[in-house]
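Notes for the structure review
Residues per chain are reported as follows:
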Amino acid sequence: MIYFEDVTKKYQLTRSRSIVALNNVSIEIHKGEFISVIGPSGSGKSTFLALASLLDKQTNGEVYLNGNRTSLLKDKERTNLRYELCGYIFQFASLTPALPVIDNIMLPLLLRGKPRKDLEEQALKLLADVGLKDEYAYHQPYQLSGGEQRRVAVARALLKKPKILFADEPTSALDDGTAKDLIRLFHKLHDQGTTIVMVTHDKDLAKEGTGVIEIRDGNVECRM
Ligand code: ADP
Ligand code: ADP
């Protein structure tokens, strides 16, 4: 599903200074896995997610996604592949403030030209799946707590039924109950065949999946 071949990512800081965030990483994640990515802060976890989900491009090496050699894709093809395959839950909810919750959930697909009437029912169902009441659909994001906003962001990522779900610290800043509900939802998605790649600091949470990738200083240290 995801295959990194000697992947290096450098961020250019100034003309003469750059930082190596991933250093010659080769790794494979199979279809149907539920992988936790762990490692110290600054080790390259978010960079790994960004490259695997085609949000960012590697400096060297190749990223294969669902059999596609992604460096050969044109920008448009890359965007389409990402749209087809990937759902992404960011570390911060990143909702659009001026839109009601239901529009936030539908926004990525509305922007792709899907008619609202085809999306509304499913968006409301997802709202329930993430444990939010119907009436929240017409609330503005600022009227929701941080944890509730995160759940909206989860619903937004799930609306297009992604084959791969990427999640960066999805439970940070959630209370225990909400975090447990979210992980239960991840397990349900995993049982339905979704491949999940989740960055987490939480050692117990990391054991929930089918495997762990540990990144240290831009190197993949171990895989259990
Ligand atoms: P999956 O079976 O995990 O869904 P893919 O469809 O991405 O994976 O790839 C099928 C198989 O081909 C994988 O097992 C992967 O290791 C292998 N593969 C893909 N690209 C290469 C490559 N450039 N060199 C070697 N093996 C590769
Ligand atoms: P983690 O998610 O493990 O905390 P990151 O992948 O965010 O790590 O960062 C890895 C390294 O790359 C860090 O040293 C970080 O400062 C640097 N980095 C990340 N994103 C950027 C960026 N956009 N520009 C410059 N440096 C970055």
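Quick notes on the rules
Residues numbered from 1 in each chain as written. Chains lettered and ligands numbered in written order. Predicted model: local features only at pLDDT ≥ 70, side-chain atom pairs only at ≥ 80, totals over all residues. Heavy atoms only, no water. Near = heavy atom within 4 Å. Polar contact = N/O pair within 3.5 Å; in protein donor to acceptor, adjacent residues only side chain to side chain. Areas by Shrake-Rupley, 256 points an atom, 1.4 Å probe, with all protein chains shown as cover. Helix = DSSP H or I, 4+ residues; strand = E, 2+ residues; numbered from the N terminus. Nonpolar A, V, L, I, M, F, W, Y, C, P; charged D, E, K, R; others polar. 1 Å grid on protein atoms, 1.4 Å probe; cavity = no way out; pocket = protein on both sides within 12 Å on 5 of 7 lines; lining within 4 Å. Points joined across faces, edges and corners; volume = space filled by probe spheres on them. Contact = heavy atoms within 4.5 Å. Pairing = 2+ DSSP bridges. Axes fitted to C-alpha atoms, helices over the stretch in contact; angles between N-to-C directions.

**A few points about the site of ligand 1**
Taken together, the neighbourhood of ligand 1 is formed by Met1, Tyr3, Glu5, Glu28, Ile29, His30, Lys31, Tyr64 and Gly67. Contact distances for ligand 1 include 2.6 Å between an oxygen atom and a backbone N or O atom of methionine 1. Side-chain polar atom of histidine 30 to an oxygen atom of ligand 1: 3.1 Å apart, as the coordinates give it. Protein contact buries 56% of the 550 Å² of open area that ligand 1 shows by itself. Broken down by secondary-structure element, the contributors of at least two residues to the shell around ligand 1 are strand 1 (2–12) and strand 2 (18–29). In terms of residue class, the shell around ligand 1 is made up of 4 nonpolar, 2 polar and 3 charged.

**A word on the layout of surface pockets**
In this structure, the largest pocket encloses a volume near 430 Å³. If you go around the largest pocket, you meet 19 residues; those closest to its centre are Arg82, Cys86, Tyr88, Pro108 and Lys160. Those elements giving two or more residues to the lining of the largest pocket turn out to be helix 2 (75–85), strand 6 (86–89), helix 3 (101–111) and helix 5 (146–158). With 4 residues, helix 3 is the single largest residue contributor to the lining of the largest pocket. The space that makes up the second largest pocket amounts to roughly 310 Å³. Those elements that place two or more of their residues in the lining of the second largest pocket are helix 4 (120–129) and helix 6 (176–191).

**Section: the environment of threonine 210**
Position of threonine 210 among the secondary structure elements: in the loop between helix 7 (203–206) and strand 9 (211–216). Setting aside residues no more than four positions away along its own chain, threonine 210 makes contact with Glu33, Phe34, Ile35, His190 and Met224.

**A short note on the sheet that holds strand 10 (residues 219–223)**
The 6 strands lie next to each other as 6-7-8-3-9-10, forming an open sheet whose pairing is mixed. Taken across any chain shown, the strands that pair with only one partner, and hence form the sheet edges, are strand 6 and strand 10. Between one strand and the next, the sheet's axes are offset by a mean angle of 20 degrees, whatever the strand orientation. Bridge analysis of strand 3 (residues 34–38) against strand 8 (residues 195–199) gives 4 bridges, and the strand direction is parallel. By the bridge assignment for strand 8, serine 36 is matched with methionine 198. Sitting on the sheet, helix 1 (residues 45–52) touches strand 3, strand 6, strand 7 (164–168), strand 8 and strand 9, and the angle it makes with strand 7 is about 155 degrees.

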